Amino acid sequence: MPFEPGEVVAPSDPRIVLEGQWGQQPGVAITVNSGSRISFSFAGERLQLLFDTEGLTVAPHLWITVDDGEPELHLIDDPVVELSAPTGQHRVEVVVKDVNEHVNRWNPPFECAVVFAGLVLDVNSRLRLSGRPVGPRLEFYGDSITQGVQSLSSHSESEGADGTTTYAYLTARAFGATSYQVGFGSQGISKPGNGEVPAGVDSFGWNFAGSPAERVEPADVVVINLGVNDPTLEPEEYSGYVTRVRSAYPETTIVALTPFSGKHAETIQAAVKSLDDPNLVCIDSTGWITEDDCTDLVHPTAAGHAKIAALLIPALEEHTSLRR
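Description of the structure in this document. (Residues numbered from 1 in each chain as written. Predicted model: local features only at pLDDT ≥ 70, side-chain atom pairs only at ≥ 80, totals over all residues. Heavy atoms only, no water.)

Examining the pairing of strand S16 (residues 253–257)
Successive side chains on a regular strand alternate, one facing one side of the sheet and the next facing the other. The buried fraction of S16 amounts to five of the five residues, a majority that puts the element mostly inside the structure. Burial along S16 is two-sided: the residues Thr-253, Val-255 and Leu-257 and Ile-254 and Ala-256 are all buried. Two elements, strand S15 (residues 221–225) and S16, share four bridges in a ladder whose sense is parallel. Within the sheet, the bridge partner assigned to Ile-224 lies in S16 and is Ala-256. Handedness of the crossover joining S15 and S16 through helix H4 (residues 235–248) is recorded here as right-handed. As paired strands, S16 and strand S17 (residues 280–283) are joined by four bridges and run parallel to one another. Paired with Leu-257 across the bridge in S17 is Ile-283. Regarding topology, helix H5 (residues 265–275) serves as the crossover connection from S16 to the parallel S17, and that connection is right-handed. (Buried < 20%, exposed > 50% of the residue type's maximum accessible area, 1.4 Å probe, protein only. Helix = DSSP H or I, 4+ residues; strand = E, 2+ residues; numbered from the N terminus. Pairing = 2+ DSSP bridges. Right-handed = clockwise from strand over helix to strand, strands pointing away.)

Structural notes on the layout of surface pockets
In this structure, the largest pocket encloses a volume near 700 Å³. Considering the residues around the largest pocket, the lining is formed by 27 residues, among which Leu-18, Arg-132, Arg-137, Tyr-180 and Val-216 are closest to the centre. If you tally residues by element for the lining of the largest pocket, the top one is strand S2 (residues 17–19), at three residues. Counted by class, the lining of the largest pocket contains 11 nonpolar, eight polar and eight charged residues. (1 Å grid on protein atoms, 1.4 Å probe; cavity = no way out; pocket = protein on both sides within 12 Å on 5 of 7 lines; lining within 4 Å. Points joined across faces, edges and corners; volume = space filled by probe spheres on them. Nonpolar A, V, L, I, M, F, W, Y, C, P; charged D, E, K, R; others polar.)

Thoughts on empty space enclosed by the protein
Per the stated rule, a full pass over the model turns up two cavities of 30 Å³ or more. Approximately 60 Å³ is the volume found for the largest cavity. If you go around the largest cavity, you meet 14 residues; those closest to its centre are Tyr-141, Val-182, Gln-187, Ser-203 and Tyr-241. Of the residues belonging to the lining of the largest cavity, the class tally is eight nonpolar, six polar and no charged. Approximately 30 Å³ is the volume attributed to the second largest cavity. In terms of lining residues, the second largest cavity is bounded by Asp-98, Asn-100, Glu-101, His-102, Gln-147, Val-149, Ser-156, Glu-157, Ser-158 and Ala-161. Classifying every residue of the lining of the second largest cavity gives two nonpolar, five polar and three charged.

The structure is reproduced here in C-alpha cells:
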C-alpha cells in the first residue's frame, strides 16, 4: 500500500528524545558528532524519518533499530527513510554511526552532517510520549578515537568508523547515562581538527560554528581525552582548556584522561596539579591498550575500545560519584 501521510512531527517535539550534541534551528536539529542519538516510540505500522541532505557531498552513516531488532545501516543520501513494523507499540532508536571527518562539518553549509527534519506518521500511526533519560549526564571531549575512526577496519572513511563501538559510548551505556560524545578527527588542545573544525580550546562550548552548545542541566562528569594530536603541549595550554570547561560547569567533576599512547601524560598531570581543583582528577591511561589493539597502531579496534571501557568504568567509579 502507498504511504498515506498523517501527522508531521518537528524535531523539537517533546515526544522525540535527542541525546548528544545537537544544534536546534528552525525546523531541524543538527549534529556533526558520531554517537548522537534520536529515540521515540509510536503505535501503528509505518512512519518516515526526514533529513535535509541538500548540499551534502558525503552521506552520514546511521544505525536504525526498531524494538529488539538488529541495527540496520542507513547512508543518508536521500531525505526520506521509511520504517515499517507489524501493527503495535514500537520503539525506534537512531544512532549516528559516523559523520565523515574529512569534509567540512563545522561551518554551515555542511558537506557532511545529520540534519534531522522530523517525522511523518502514516494516518494510522501515533507518536507516544517516551520517558526522558533519568541517568547521569556524561560528556566526552576527544579526537578521532572518541569519534570511532577506524574502529571497524583500517578504512579511513566512514566505512571503517563507528561511534557506537567507542570507549565513550560503551562507558556511557554502562552507567545508563545521557551522553554527549564529541570527537573530532585530528583535533588537539591547540591543534585544529579535520573538516574545518577548530582546536579543542576554541570548539568547546559549540555544536558547530554559530551554534552555542546549550545545556538544560549541567553534566555530572566531563571526560577529556585530548592531546595526542598536539605536536607539543605545554601545561598552560592544557590548563587553559580545563579552565574553559570549568567556567561552563563550576561544580562538575572533570576527568583528565591522558592519551592511551602515553603522549604528554606528564604534561597533563602537571597541568592538573597546577590547577589545585578538588573536582578535577587525572586518570593515567598509559598502557591500557597496545598497538596490537589498534587497526593502524593508533586507532583502537572495537575490541580495543572495549578494553579501554573495561578499565575506565571502574576508574570513574573510584574517582567520581558515578555508580553502575
